Each structure stands twice: as structure tokens, then as C-alpha cells.
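# Structural description and commentary
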Amino acid sequence: MAGARGAGCATAATRARPGKRPPEPEPVPEPEELSLLCAPALSLGDGRDSGLSDREESVFSGLEDSGSDSSADTTAEEENGASGDENHSGMEKTTGQQAETSSPRTEEMRVQGGDEYAEDSSDEEDVRNTVGNVPLEWYDDFPHVGYDLDGKRIYKPIRTRDELDQFLDKMDDPDYWRTVQDRMTGRDVRLTDEQVALVQRLQRGQFGDVSFDPYEPAVDFFSGDLMIHPVTNRPADKRSFIPSLVEKEKRLAWEQQEPAERKLNFLPRKFPSLRAVPAYGRFIQERFERCLDLYLCPRQRKMRVNVDPEDLIPKLPRPRDLQPFPTCQALVYRGHGDLVRCLSVSPGGQWLASGSDDGSVRLWEVATARCMRTVPVGGVVRSVAWNPHPTICLVAVAVEDAVLLLNPALGDRLVVGSTDQLLSGFTPPAEPALQPAHWLEASEEERQEGLRLRIRHGKPVTQVTWHGRGDYMAVVLAAPGHTQVLIHQLSRRRSQSPFRRSHGQVQRVAFHPVRPFLLVASQRSVRLYHLLRQELTKKLMPNCKWVSSLAVHPAGDNVICGSYDSKLVWFDLDLSTRPYRVLRHHKKALRAVAFHPQYPLFASGSDDGSVIVCHGMVYNDLLQNPLLVPVKVLRGHVLTRDLGVLDVAFHPTQPWVFSSGADGTIRLFT
């Protein structure tokens, strides 16, 4: 009966290829082998499927039983008498139709009846993975690692061992330390002694080849003997007998430098040999100075502390977490023919006033950059200030020795009309008092241009600024003496000098936004005066060579100063008269500083052509220090006459900043 089954299997294989020469008869195996091999095939010959999915097939079939040719593997299993779950799963996947249509390679191997690896030599590499040279990361999410020559999947090997099994293998297997996993086949490979020695040599930084000698004697191709025929007949370079132009430029640059700026206090010279080098000329002097240093130096023991440099850097928030702040250029206001020295924004933020060296004051619309009006003033405009009161439409302009009060006639007509009524309703006293300035009414022609009042001082005016209520304004005069600062009252047209003596050349003044204080900045200090008590309250020391600008925080407890030596100094009035923080972000002199009325922002403009916007958060808690973080560097102005940004001003309601420069333009950054 077993022989009949074996014959039936052979007959089915023979009928599978009609028109071909019948293969030679194979040696008849033992009856038990035939019964074991053919019984599963006969049981599945009715076409019923086992119903296993790809995942389940990957559990029962490993990489070993899914080689490049499944039919050849089946034949090899029949000849070797293999049994077990792997043979069983491999036989279940072979249907009756597949048995009838076997490949020619399978027929040929059946005819030969031998092992397919019998003819392999030991020199050939045993490559069991035939998926090709492709990255195996492509198959990380799949149960297989590629396809064989017949288009069938090659499943991954089963690895269900946990860490405990690996530990037991490590303890039991003496060769565990030299066992590695082959990523192409998924098998564990034991390294030979030669491979281990190669790895150890590479880890020590040696050459992989044992026979390679890196210290073998070098071959001397050139000798010291003078020969008839040279090794190379290359002509000499031109630079060998012509002085170098680069060395000449370096020598000229060294001679033009100051002695303190030179890296070397001598010029390098070239000598033909070491014997021709003379003695160092300053050897005795330098040795004497060194002896003095050793003799006069103080002896003390310094304890070094190991500190991580990262711990010394303050933990600052990211700039994107401190938004909003201006980041890019939005508009450019063009029209002035010379450098723009000053600018001011109206209280509502709709209009902008600018003064230039071309002798004119221009009024702009902020949203469109359109010049609404040009007022010629006949001189260089040093300062422009818009009245901060929302019901007064006035612009104060400092020109030469006078302060001009202009009504720009922009915006609400009721505000414009009420401003003219306020100025025209003044009744002069019967006996005018002696004042340090003269108030003059404008003529009819000047009123057509927008001029309403002219205040003459007899000395050049450098700055004009308004009080927060809009009735008082302070003026700085460029003259020695105690009359450098004057305070004017608009409603009563009265002027007064608040100081009896001078404390140096006054640079800038500013009113305190909340309290009756006046801040006066001289070259080396900033003094805080109480106007009602008429006394000095504080004297701030910025430690700068020359103060150039001044700004007060809207809350009134902090002050910033800019200087011509590239410093921005932050003062906390409640903390100390010394600077709380000194910022050195600019490379050249600072020309202007400003605070934002609503947002925690302040900006500085410099002669390097940049505007640096910083985040300055002031907390209500007196125990918490202000947070100062630079957030953006804004560029756009072109340096002209070695001057950059001359003035900066914030928009009253939006996080926008205006800057005027020496290139004759005004730029809006939003």
C-alpha cells in the first residue's frame, strides 16, 4: 500500500509536464518515508485551505524553510526525511495544483536526487538571504523580509526569547561574548579567532592587516650629494626672487597702527641661518620688568571653585514667547532732502511729525506713509514734540533759538478749532513781568502755514518736551549757565528758570509721568528734582562718558539712558542710584532711546544703523527684579556721514516703532 502511494506521488509529478521526456526513476525510498511525505499532500489534495494568515504563517515558518525555491526545499525535505512542524506547515502551503505545475528546476533536482549544497566549495559565501541588497528597515512593520525568486515571501525568524533567556544563554554558552547577529539573515554568527583579533586591532587604533608595518624605513629619494642631472628640472618660482606684495602690505599696515594696537612690537626679519640671528634688543629690559613683577607682586592664596559655565548664564525666555514686538519693516516715509533728526507721533497714533536739516517739518499719515503737509521753518529742526493731551492739536518745533507752536489742522475739526480758541482766549496782563523768553504771536501769513506762537530765547534750543497734561513744556538751551533749562506754561504764557546754578552741560530733560519730578541728564549724571519742594531728590550715576538720550518708564519707577560710548543703562529708582543693568548691544554711539506707553518694550537707535528692541517687564512685586531680554535687531537705514539712526519713537497703541535716520528716511517696523 505504501508502494502504491509512492507510485501515485511519482505519477502525479510525471503527469505535471506533458510533452517532456520523462525523468529517470528515482531510488524508491522506504515505505515509512513515503507514507510520511505523501500523506499530508493527499489529505490536502481536495483544495481546502488551512486558513492561516500572514502573521500565523510567520509563526510556523521561519527563514530556514522559506529559501529561494520552495519546490526545491520540498524535494530536499523528502530526500532527507525531515519531519516536524516546519515540514508540516511547508506541506500545507502546497496545494494539488501547485504540485501538478512544478518548476523545471524542481524536476532537474529530482532527477539528480542529491543535495543542492553538495557541490558548494568552502570558498564560496553561504548567502541564505536572497532578498537583494535593499535596506531591511523597509520591512520593520511587516512579518517578512522580502521575496524569493518565485515571488513568495521570506518570513522573519522567530525571536520570542526574553531577557531571562538571554541571560541563561550568556551563562551557559562560553562563546556568547563572540556571538553577533547578522542583520541580513537574522541569524546569530559566532566570530572566529581571526575575526576577534581583527576587531581588537581596530579598537586599539591599529591596522587591520597584521603583516603591515607602519614603521618600515623610508626610502630616501633625495640625497645631499650634488649630481649632474637634477631630479626635477623645474625653473625657479618668480616669488623666490621678487619681494612679496602681501608682506609689503602687512609691513605698511603695521607701520600705520598705533603702538598700543600692534600685536607684535617688532617686525619679523629673515636670516640665512641661526648663527646670523642677533641678540634680542629688549632682553635686559624685559627681564628686569619680569623681576619687578615677581618681586612686587602680592602673595595670596586663591581658592578655585569648579563652576559649570552653563550655570552662570541666566535662564532667559525665548523671544517668541515674549511677543508681540516689531519684527520687520513695513513702510518707508520718503520726502526729506537731508538727515531727519527728530520725530514724534500724535496721541491717537494716526499722524507723525518729523523735522529735518532741510529746514522743514513734514506731517505724515502713519497708515499710508503719505505726506499730508510740509511746513518750512527756515532752519535746522533740532526737536519735535506732539502735545500728549488728546484735546489739544499742537506740535512744538525747536528751530535755532526759538520754539514754534504749530497747529497742523489734521484730524478732528472740533479739536483743531478748540485749540485755536484756547490760544486766542489769552489776555495779556497789564504789567508784563520780566521773563527769560519772549512770547510772540504769528502773523497772518504765518498762520496760513499753521504757525500760532513763537517763543524766542536768544540761545540755540536743542530739545523741547511736553508734560503729560499738555500745559507745561521744558526746553534745553545750548548755552552755559543756570538758564540751560526753561519751563513754559502754555495757558498763562509764562516762562521760568527752575535752577539757580548749573551742574554741567545739560543734554536731555524729561518729566516724570506720574509724580511732580523733573529729570535732568548732564554728561556724567542724571539728577531727579522735586518741582513742588524745589529740591534734589536723587542723583543717578550711569558710569558713562557722555549721556546722549533719556527715557522714563510709563510707571515712573525705571529710567534708561543712552550714551555715546555704546552703552544703554537701566536704572531702578526704588533699588539704587547705580545702574541695575548695562547693555552693550550696539557697536557705535547711541542716539535715542524710548519706552512703549503700553507694552513692556523699549528700543534704542545707534550710529551703526540698527534699532534694537528689548523686552522690559517691570513687576508690581518690589521683590522681583525687572526682566530685560533683547528680542529683535531691526536694520534698514543706510549709513550717511558716519551717522545711522538719529531718533526712535513707539506707536502709542500698537507694538510698532518708528526710526529716523541720516539717509533722509523714516521707517516703520511692525
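In this text, all values refer to a predicted model and were calculated from it rather than measured experimentally.

Rules used in this analysis
- Residues numbered from 1 in each chain as written.
- Predicted model: local features only at pLDDT ≥ 70, side-chain atom pairs only at ≥ 80, totals over all residues.
- Heavy atoms only, no water.
- Buried < 20%, exposed > 50% of the residue type's maximum accessible area, 1.4 Å probe, protein only.
- Helix = DSSP H or I, 4+ residues; strand = E, 2+ residues; numbered from the N terminus.
- Pairing = 2+ DSSP bridges.
- UniProt positions renumbered as here; feature names shortened; annotations may be inferred.
- Expected span 1.5 Å × (residues − 1).
- Polar contact = N/O pair within 3.5 Å; in protein donor to acceptor, adjacent residues only side chain to side chain.
- Core = buried A, V, L, I, M, F, W, Y, C linked by side-chain atoms within 4.5 Å.
- Contact = heavy atoms within 4.5 Å.

### Let's talk about the pairing of strand 20 (residues 517-521)
Burial of strand 20 is extensive: five of the five residues sit out of reach of the surface. Sheet topology note: the strand 19 (residues 508-511)/strand 20 ladder contains four bridges and is antiparallel. Counterpart to V509 in the pairing with strand 20 is V520. Linking strand 19 back to strand 20 in an antiparallel pair, the connection comprises five residues.

### Concerning the UniProt feature "repeat: WD" (unreviewed entry) in the protein chain
The UniProt entry lists residues 333-374 and 583-613 under the feature "repeat: WD" (unreviewed entry), expressed in the numbering used here. Between the first and last C-alpha atoms of residues 583-613 the distance is 12 Å; the span itself is 0% helix and 55% strand.

### Considerations on helix 10 (residues 245-256)
Here helix 10 is twelve residues long and its end C-alpha atoms lie 17 Å apart, about the 16 Å a rise of 1.5 Å per residue gives. For helix 10, the side-chain oxygen to backbone nitrogen distance between the N-cap and V246 is 3.4 Å, and the N-cap itself is S244.

### Examining the nonpolar core
Counting 20 residues, the largest nonpolar core has A396, V403, L405, V464, W466, M473 and L490 as the members making the most contacts within it. Breaking this core down by element, the ones donating at least two residues are strand 11 (395-399), strand 12 (402-406), strand 14 (451-456), strand 15 (461-466) and strand 16 (472-477). Those residues in contact with L405, other than ones at most four positions away along the chain, are L394, V395, A396, G450, L451, R452, L453, W466, M473 and L490. Counting residues in each nonpolar core, the second largest holds 19 residues, with W351, V384, A402 and L451 among its members.

### Concerning the side chain of S356
Its place among the elements puts S356 in strand 7 (residues 351-356). Under the relative-accessibility criterion, S356 is labelled buried at 0%. At 3.2 Å, the side chain of S356 forms a polar contact with the backbone oxygen of D338. Polar side-chain contacts of S356 include one of 2.9 Å to the backbone oxygen of L339. Excluding residues within four positions of it along the chain, S356 makes contact with H336, D338, L339, V340, R341, G379, V380 and V381.

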